Amino acid sequence: MTGTLYIIATPIGNLEDVTYRAARILGEVDLIAAEDTRHSLKLLNHLNISKPLTSYFDHNQQLKGERILGTLLQGKSVALISDAGTPCVSDPGYHLVRDAVAAGITVIPIPGPCAAVTALSASGLPSDNFTFAGFPPSRQGKRRSFLAGLAGLPGTLVLYEAPHRLENSLRDLREVLGDRQIVVARELTKIFEEFIRGTVSEVMTAVAQNKVRGEVVILVAPGEPAEQAAEPLDEVLRRLLDEEGLSVKDAARKAVEITGFSRNEAYSEAIRLKKAADEL
Ligand code: SAM
């Protein structure tokens, strides 16, 4: 008999948000795999749980993943937790779950806090259809292409962002998606929890005045159907060819995803732009 892998959501700030079930299972498993063992000790001490702990984070996930699978295959049960919220959501876990599923190990999710859903639930933005896109790339060119690829989506867009990149990301959001209604949800479940609502420009002003600190989720309202029209093909291609340095083929393929133009149109336009640039 193999053991069970539990994927356990933990609080995103307020320790009272741990569920009864999460606490019970953390107290029952043979091993807890945590993104940062020192960080998770605070939660475990709060719950009076003392269990063998091992680290499982981005840079050791291959080696540690194999060891954890070995433990599960010996019939022991393992809980995976991250620093905050739901493992696998912009956090380590996916590879372990994938490999456990492939090995026939039972994987049980223990639901609980997730910053994206917590922010969405109180944002006041449409919640029947939303896209969670994680962290935008940190480099400007890539970030703009990433946002352009999300421009035509019909629902609310939910993004994670590091506080020191917030202002740059808001600037790119306004440029690529327009001055839409947005919400910046910060320090969720903590003492200084705050929802900053308005157009991107209004929120940028508030952020600049108050030097927003702490963790943030950005939620972007769907654009009007006219606003959702993709960026012009030539502008997208120029960015992909010039700023990102993609080949004609790769730029055309990506431009199809971003703009919805056909492969032939994107390819011929990419060739035209490349030739024009080479002749300069
Ligand atoms: N797995 C986590 C979850 O389920 O939400 C997300 C982990 S990700 C590494 C961390 C990001 O989540 C932060 O940069 C921020 O964008 C968002 N986040 C986490 N906790 C938050 C909080 N209390 N308030 C606002 N955003 C938070």
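Engineer: Summarise the pattern of salt bridges; cite the residues concerned and give the values.
Structural biologist: Under the defined criterion, the tally for this structure stands at 14 salt bridges. The salt bridge partner of Arg98 is Asp99, with a shortest N-O separation of 3.1 Å. Taking the relative accessible area as the measure of exposure, Arg98 reaches 38% and is therefore partly exposed. On the basis of relative accessible area, Asp99 is assigned to the partly exposed category, the value being 31%. The closest approach of N and O atoms between Arg144 and Glu175, which form a salt bridge, is 3.0 Å. With Arg144 in helix 6 (residues 140–148) and Glu175 in helix 7 (residues 166–177), this pair connects stretches of sequence that are 31 residues apart. When its relative accessible area of 18% is taken as the criterion, Arg144 is described as buried. Since its relative accessible area comes to 51%, Glu175 is described here as exposed. Connected through shared salt-bridge partners, Arg143, Arg144, Arg171, Asp172 and Glu175 make up one network.

Engineer: Residues and numbers for the state of the cysteines, please.
Structural biologist: This model, assessed by the stated rule, comprises zero disulfides. With no disulfide partner, Cys88 has as its closest neighbouring cysteine sulfur the one in Cys114, 11 Å distant.

Engineer: Run through the domain arrangement of the chain, naming residues and quoting values.
Structural biologist: Accessible area lost upon the coming together of the parts serves often as the stated size of an interface. Structurally, the chain comprises domain 1 (4–113), domain 2 (120–220) and domain 3 (233–279). Relative placement of domain 2 and domain 3: their C-alpha centres are 28 Å apart. Counting from both sides, the interface comprises six residues of domain 2 and, opposite them, five residues of domain 3. At the boundary of domain 2 with domain 3, total buried surface from both sides reaches about 440 Å², with 56% on carbon and sulfur atoms. Among the residues domain 2 hides against domain 3, the three largest losses belong to Gly141, Ser145 and Ala148. Together they make up 66% of the total.

Engineer: So what's going on with the layout of surface pockets? Residues and values would help.
Structural biologist: Its boundaries defined by the atoms lining it, the largest pocket holds a volume of some 770 Å³. Forming the boundary of the largest pocket are 33 residues, of which Ile12, Asp83, Ala84, Asp91 and Glu215 lie nearest the centre. Those elements that place two or more of their residues in the lining of the largest pocket are helix 2 (37–46), strand 7 (156–161) and strand 10 (216–220). Considering every element that reaches the lining of the largest pocket, the biggest residue donor is helix 2, with four residues. Of the residues assigned to the lining of the largest pocket, the class counts are 17 nonpolar, eight polar and eight charged.

Engineer: Can you break down unusual backbone geometry residue by residue, with the values?
Structural biologist: Within the chain, Ser90 stands out as a residue other than glycine whose phi angle is a positive 50°. In the Ramachandran plot, Glu187 falls in the positive-phi region, its phi being about 50° despite a non-glycine side chain.

Engineer: How would you sum up the site of the ligand? Please name residues and give values.
Structural biologist: Taken together, 19 residues form the shell around the ligand, and within it Val89, Asp91, Ala115, Tyr160 and Val216 come nearest. Interatomic distance of 2.8 Å between a backbone N/O atom of Ala115 and an oxygen atom of the ligand. A distance of 3.3 Å is found between a nitrogen atom of the ligand and a side-chain nitrogen or oxygen belonging to Glu215. Considered on its own, the ligand offers 570 Å² of accessible surface; in the complex 91% of this is hidden by protein. A majority-of-atoms criterion places the ligand in the largest pocket. Broken down by secondary-structure element, the contributors of at least two residues to the shell around the ligand are strand 7 and strand 10.

Engineer: So what's going on with helix 9 (residues 233–243)? Residues and values would help.
Structural biologist: A turn of α-helix holds 3.6 residues, and therefore any two residues three or four places apart point the same way. Within the sequence span of helix 9, burial applies to Leu233, Val236, Leu237, Arg239, Leu240 and Leu241. Against helix 6, helix 10 (248–259) and helix 11 (263–279) lie the buried residues of helix 9. Among the residues trailing helix 9, Gly245 stands out with phi positive, at a value near 65°.

The rules behind these values
- Residues numbered from 1 in each chain as written.
- Predicted model: local features only at pLDDT ≥ 70, side-chain atom pairs only at ≥ 80, totals over all residues.
- Heavy atoms only, no water.
- Salt bridge = Lys/Arg side-chain N within 4 Å of Asp/Glu carboxyl O.
- Buried < 20%, exposed > 50% of the residue type's maximum accessible area, 1.4 Å probe, protein only.
- Helix = DSSP H or I, 4+ residues; strand = E, 2+ residues; numbered from the N terminus.
- Disulfide = S-S within 2.5 Å.
- Domains from an automatic or database assignment.
- Contact = heavy atoms within 4.5 Å.
- Buried area = accessible area lost by both parts, 1.4 Å probe.
- 1 Å grid on protein atoms, 1.4 Å probe; cavity = no way out; pocket = protein on both sides within 12 Å on 5 of 7 lines; lining within 4 Å.
- Points joined across faces, edges and corners; volume = space filled by probe spheres on them.
- Nonpolar A, V, L, I, M, F, W, Y, C, P; charged D, E, K, R; others polar.
- Near = heavy atom within 4 Å.
- Polar contact = N/O pair within 3.5 Å; in protein donor to acceptor, adjacent residues only side chain to side chain.
- Areas by Shrake-Rupley, 256 points an atom, 1.4 Å probe, with all protein chains shown as cover.
- Sits in = over half its atoms within 2 Å of the grid points.

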